[in-house]
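Survey of secondary and tertiary structure
Spelled out, the chains give:
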Amino acid sequence: MKFNADEIASVLQQEIEQFDADIDVREVGRVLEVGDGIARVYGLSGVMAGEMVEFANGTMGLAFNLEEHSVGVIILGDYLNIAEGEEVKSTGRLLSVPVGEALLGRVVDALGNPLDGKGPIVTPHRRMVESNAPGIAERQPVKEPMQTGIKAVDAMTPIGRGQRELIIGDRKTGKTAIGIDAILNQKGSGVKCFYVAVGQKESTVAGVIDALTKHGAMDYTTVIVSGASAPAPQQYVAPYAGTAMAEYFMYNGQHALIVYDDLSKQAVAYRQLSLLMRRPPGREAYPGDVFYAHSRLLERSAKLSKELGGGSLTSLPIIETLEGEVSAYIPTNVISITDGQIYLQPDLFFAGQRPAMNAGISVSRVGGAAQIPAMKHKLVAGGLRLALAAFRELEAFAQLGTDLDAATQSKLDRGYRMIELLKQGQYAPLDVIDQVMSIFAGNTGRLDKIPRNQVAQWEKEFLQFMREQKSEVRGKLAETKKLDDDMIKALEAAITEFQKQYDTKHSKA
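We now turn to the structure provided with this report. (Residues numbered from 1 in each chain as written. Predicted model: local features only at pLDDT ≥ 70, side-chain atom pairs only at ≥ 80, totals over all residues. Heavy atoms only, no water.)

Quick look at the nonpolar core
Ranked by internal contacts, the top residues of the largest apolar core, which has 74 residues, are Met-156, Ile-183, Leu-212, Met-375, Trp-458 and Leu-483. Formed by 58 residues, the second largest nonpolar core is a distinct cluster that contains Leu-103, Tyr-236, Tyr-240 and Leu-313. (Core = buried A, V, L, I, M, F, W, Y, C linked by side-chain atoms within 4.5 Å. Buried < 20%, exposed > 50% of the residue type's maximum accessible area, 1.4 Å probe, protein only.)

Observations concerning the sheet that holds strand 8 (residues 107-108)
What links the strands of a sheet is backbone hydrogen bonding, and the strands pair in either a parallel or an antiparallel sense. Within the open sheet, the eight strands sit side by side as 8-12-11-13-14-10-15-16. Their pairing is mixed. Of all the strands in the sheet, just strand 8 and strand 16 (363-364) have a single pairing partner and so form its edges. Looking at chain direction, strand 15 (residues 340-344) and strand 16 are connected through two bridges and run antiparallel. Paired with Gln-341 across the bridge in strand 16 is Val-363. Here helix 3 (residues 175-184) sits on the sheet in contact with strand 10 (166-169), strand 11 (192-198), strand 12 (221-226), strand 13 (255-261), strand 14 (312-320) and strand 15, set at roughly 165° to strand 14. With respect to the sheet, helix 6 (residues 263-276) is in contact with strand 11, strand 13 and strand 14, its orientation differing from that of strand 14 by roughly 75°. (Pairing = 2+ DSSP bridges. Helix = DSSP H or I, 4+ residues; strand = E, 2+ residues; numbered from the N terminus. Contact = heavy atoms within 4.5 Å. Axes fitted to C-alpha atoms, helices over the stretch in contact; angles between N-to-C directions.)

Describing the sheet that holds strand 5 (residues 71-75)
Read around the closed barrel, the six strands follow the order 1-2-5-4-3-6; overall the barrel is antiparallel. The sheet shows a mean angle of 45° between the axes of neighbouring strands, taken without regard to direction. Note: strand 3 (residues 51-55) against strand 4 (residues 60-66), three bridges, orientation antiparallel. Bridge pairing links Met-52 to Leu-62 in strand 4. Along the sheet, helix 6 contacts strand 2 (38-42), strand 4 and strand 5; its crossing angle with strand 2, the most-contacted strand, is approximately 35°.

Focus on the side chain of Gln-353
One can find Gln-353 in the loop between helix 9 (346-350) and strand 16. Here Gln-353 falls in the buried class, since its relative accessible area comes to 12%. Here the side chain of Gln-353 touches Arg-392 through a polar contact of 2.9 Å, side chain to side chain. (Polar contact = N/O pair within 3.5 Å; in protein donor to acceptor, adjacent residues only side chain to side chain.)

What to know about the pairing of strand 11
Across the seven residues that make up strand 11, a large majority, seven, are buried. Neither face of strand 11 is open: one carries Lys-192, Phe-194, Val-196 and Val-198, the other Cys-193, Tyr-195 and Ala-197, and all of them are buried. Across six bridges, strand 11 lies against strand 13 in parallel orientation. Residue Tyr-195 lies in a different strand from strand 13, and its bridge partner there is Val-259. Looking at chain direction, strand 11 and strand 12 are connected through six bridges and run parallel. Each residue of the ladder has a partner; that of Ala-197, found in strand 12, is Val-225. In the classification by handedness, the crossover that spans strand 11, the intervening helix 4 (residues 202-214) and the parallel strand 12 is right-handed. (Right-handed = clockwise from strand over helix to strand, strands pointing away.)

A few points about the packing of helix 7 (residues 290-298) against helix 8 (residues 329-337)
Closest axis-to-axis distance for the helix 7/helix 8 pair is 10 Å, and the angle between their directions is 35°. Judged by the sense of rotation from one axis to the other, the crossing of helix 7 with helix 8 is right-handed. Residues Val-290, Phe-291, His-294, Ser-295 and Leu-298 of helix 7 form the contact with helix 8, whose participating residues are Tyr-329, Ile-330, Asn-333, Val-334, Ser-336 and Ile-337. Class assignment of the residues belonging to the contact of helix 7 with helix 8 gives a composition of seven nonpolar, four polar and no charged. (Left-handed = near helix turned anticlockwise from the far one by under 90°. Nonpolar A, V, L, I, M, F, W, Y, C, P; charged D, E, K, R; others polar.)

What follows is the structure, given as structure tokens:
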């Protein structure tokens, strides 16, 4: 066999040109101990705080504690398959998750891996799980309404785009229902929604996903699940991951809404990690920086300045109290970080008032700035909170059994009807124009003669009448969003006309 010198030369030439002298340098350590979702690793002296590390079986971890002779790593996966003495290598990357339109309609875990069996998530975009919140100069005041579709909330504790409104109350008082209704009400508004379930029962989360699917809300919603059976590191990371996914839309000039359900369980997961890492415990055994854990999360919600595209991220964190203890450590922390709270009371819930919002304690620090002018009007939401507070006092006084004069009795009667009017079923958010017309009818005394048990029926028929027979009045109100003298006269005339129809219909019945 003869060799051709030219061929040999060209092959050598090609090999030399294609020679890649890159050396793969990685820092490698060994697992000293492992258990309960954390590992102590020796040898990763150059690792950064928050850097991703990879275990021998491919499981990822996060450098959490940088100590003198070892590194505390929280394991973002199954820690049962990791053994002492195994190799761990640093990756040089910080924790990031996939983001973008591809995540809409999907159910994912805290790392963005799909859980819904609909195949992989294909997106070129990723965002850091931990990123800095926008500064003061990068924000603008919150003044654009974020309608929840819940009369009591939109009238008395309005939420604006870019706001953080806490939903707080004991277990089983309807906290999740408010968050879900707010998501359902964004249908057709272009707002992208994110629901982060932390430490929830898998069955509860399945029920939420089912409700979102049934009402067509999954088209614009992403569900991030870190259930009760998920390890503590994933429960701790999930809210940050959900925020990173929502921020993608905010920084692209769009609007997003995120519901954290709930941050009490995230704090418990963080406490577990911190105690396992031997960090010094503080009040209620929480670590000293648990306030920072929540503040750096919630400060990322903002209404960006026009220069940055004017996008917004609105957050509805949920906190569960024990026996109404609002002054406990985590509730007081989150109350001080947020721009107001919706306080749900068990007594009201069991008395049939749903949503069970206590109007006296619930506040929105944005106030009327996040309401349309028609809702702000004194005949609608303007005096509603004060009227309800006065009604509660009168109600307590009336329970003493004293004889009441006619004026006091009429105030009580109207208060009872307003309470009935503010009741709302789950998964039935109302358009803000319908809310304005309902509350206007109640405030102007048009329901005073209606029996209390018929208020809901009256409202339903009245809104149907306005849509079908008085669409021009409703259309004008929807267009101007203002309640001027002409509009008030038109509404009063429409209510009078409807009342005649209602009386005729129900007297026959």
